[in-house]
Amino acid sequence: MISLRPASPKDLELLQYWDTKQHVKDADPDDDWDWEKELNFDPSWREQLIAERNGEPIGCIVIIDPYEEETQYWGKVPKNLRALDIWIGEEANLSKGYGTQMMNLAIEKCFADPKVTKIIIDPLKTNTKAHRFYERLGFTFVEERIFNDVACFVYQLKR
């Protein structure tokens, strides 16, 4: 059974380790989460969650309100959206259904707020496995966009 808990500074070494894993790098090669800073920064517009299977950490989910997020990564967006980042830390935990369980929990968490109308996500254009994964979960393709000089596909899931 998968559960989600808030990430904390105690997760620093684990998250930094996962960032060295090739499959994590391949999903977003230019991303630097700066965990040391981010785990000590708790803005109202973001949740950083550790996914655990039977009490063992297996992955991470970050949920943001892209309207409120301070860097405005998503650009001009309407209120009442949520954006997700998700990854599984160890290769041995890939293709076992854990990502689906994690996403279902994240989707449930996002839509628990009745004001939230859509969830958006931005896998790399080249990450066709992620595209199929999100489509299986009901996300629909919206557009291709460049984020920080990287080509991504934007997908959305409506309430």
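Residues numbered from 1 in each chain as written. Predicted model: local features only at pLDDT ≥ 70, side-chain atom pairs only at ≥ 80, totals over all residues. Heavy atoms only, no water.

Caption draft 1: Structural view of the nonpolar core. Formed by 27 residues in total, the largest nonpolar core has its most connected members in Leu 84, Met 103 and Phe 139. Those elements giving two or more residues to this core turn out to be β2 (46-53), β3 (56-64), β4 (81-88), α4 (98-111), β5 (118-121), α5 (128-136) and β7 (150-158). At seven residues, the largest contribution of residues to this core is made by α4. Non-local contacts of Phe 139, meaning those with residues more than four positions away in its chain, are made with Met 103, Ile 107, Ile 119, Ile 121, Tyr 134, Tyr 155, Gln 156 and Leu 157. The next biggest cluster of nonpolar side chains, apart from the first, holds 24 residues, and it includes Leu 12, Val 24, Ile 120 and Cys 152. (Core = buried A, V, L, I, M, F, W, Y, C linked by side-chain atoms within 4.5 Å. Buried < 20%, exposed > 50% of the residue type's maximum accessible area, 1.4 Å probe, protein only. Helix = DSSP H or I, 4+ residues; strand = E, 2+ residues; numbered from the N terminus. Contact = heavy atoms within 4.5 Å.)

Caption draft 2: Highlighting the pattern of salt bridges. Per the stated rule, a full pass over the model turns up eleven salt bridges. Two residues, Lys 21 and Glu 90, come together in a salt bridge whose shortest N-O distance is 3.5 Å. With Lys 21 in the loop between α1 (12-18) and α2 (22-27) and Glu 90 in the loop between β4 and α4, this residue pair connects regions lying 69 residues apart in the sequence. Exposure remark for Lys 21: the relative accessible area of 13% places this residue in the buried category. Using a relative accessible area of 25% as the deciding quantity, one classes Glu 90 as partly exposed. Taken together, the salt bridges that share partners define one network made up of Arg 5, Asp 11 and Glu 52. (Salt bridge = Lys/Arg side-chain N within 4 Å of Asp/Glu carboxyl O.)

Caption draft 3: Geometry of the packing of aromatic side chains. Taken as a whole and assessed by the stated rule, the structure comprises ten aromatic pairs. For the ring pair Tyr 134 and Tyr 155, a centre distance of 6.5 Å and an interplane angle of 45° mean the geometry is tilted. One end of the pair, Tyr 134, is in helix α5; the other, Tyr 155, is in strand β7, and 21 residues separate them in sequence. Across this residue pair, the class does not change: Tyr 134 and Tyr 155 are buried. For the ring pair Phe 141 and Phe 153, a centre distance of 4.9 Å and an interplane angle of 75° mean the geometry is edge-to-face. (Phe/Tyr/Trp six-rings, centres within 6.5 Å; stacked < 30°, edge-to-face > 60°.)

Caption draft 4: Structural context of the confidence of the model for the protein chain. Here the protein chain averages 93 in pLDDT, and 97% of its residues register 70 or above. Per-element averaging of pLDDT across the protein chain places α2 at the bottom with 81 and β5 at the top with 98. (pLDDT = per-residue confidence, 0-100.)

Caption draft 5: Spatial organisation of the side chain of Glu 69. Within the secondary structure, Glu 69 is located in the loop between β3 and β4. Of the side chains with opposite charge, Arg 46 lies nearest to the buried Glu 69, which makes no salt bridge, at 7.4 Å. Once residues within four sequence positions are removed from consideration, Glu 69 is found in contact with Trp 45 and Ile 64. (Lys, Arg positive; Asp, Glu negative; His and termini not counted.)

Caption draft 6: How the structure looks around the pairing of β2. Most of β2 sits inside the fold, with six of its eight residues counted as buried. Relative to β3, β2 runs antiparallel, the two sharing eight bridges. Among the inter-strand pairings, Arg 53 is bridged to a residue of β3, identified as Glu 56. Counting the residues in the hairpin turn of β2 and β3 gives two residues, including Asn 54, whose phi is positive at 50°. (Pairing = 2+ DSSP bridges.)

Caption draft 7: Just the environment of Arg 159, in detail. Take Arg 159: it is sitting in the segment after β7. Residues Arg 159 and Phe 147, spaced twelve residues apart in sequence, show a C-alpha to C-alpha distance of 25 Å. Non-local contacts of Arg 159, meaning those with residues more than four positions away in its chain, are made with Phe 111, Asp 113, Pro 114, Lys 115, Val 116 and Thr 117. At 3.0 Å, the side chain of Arg 159 forms a polar contact with the backbone oxygen of Phe 111. (Polar contact = N/O pair within 3.5 Å; in protein donor to acceptor, adjacent residues only side chain to side chain.)

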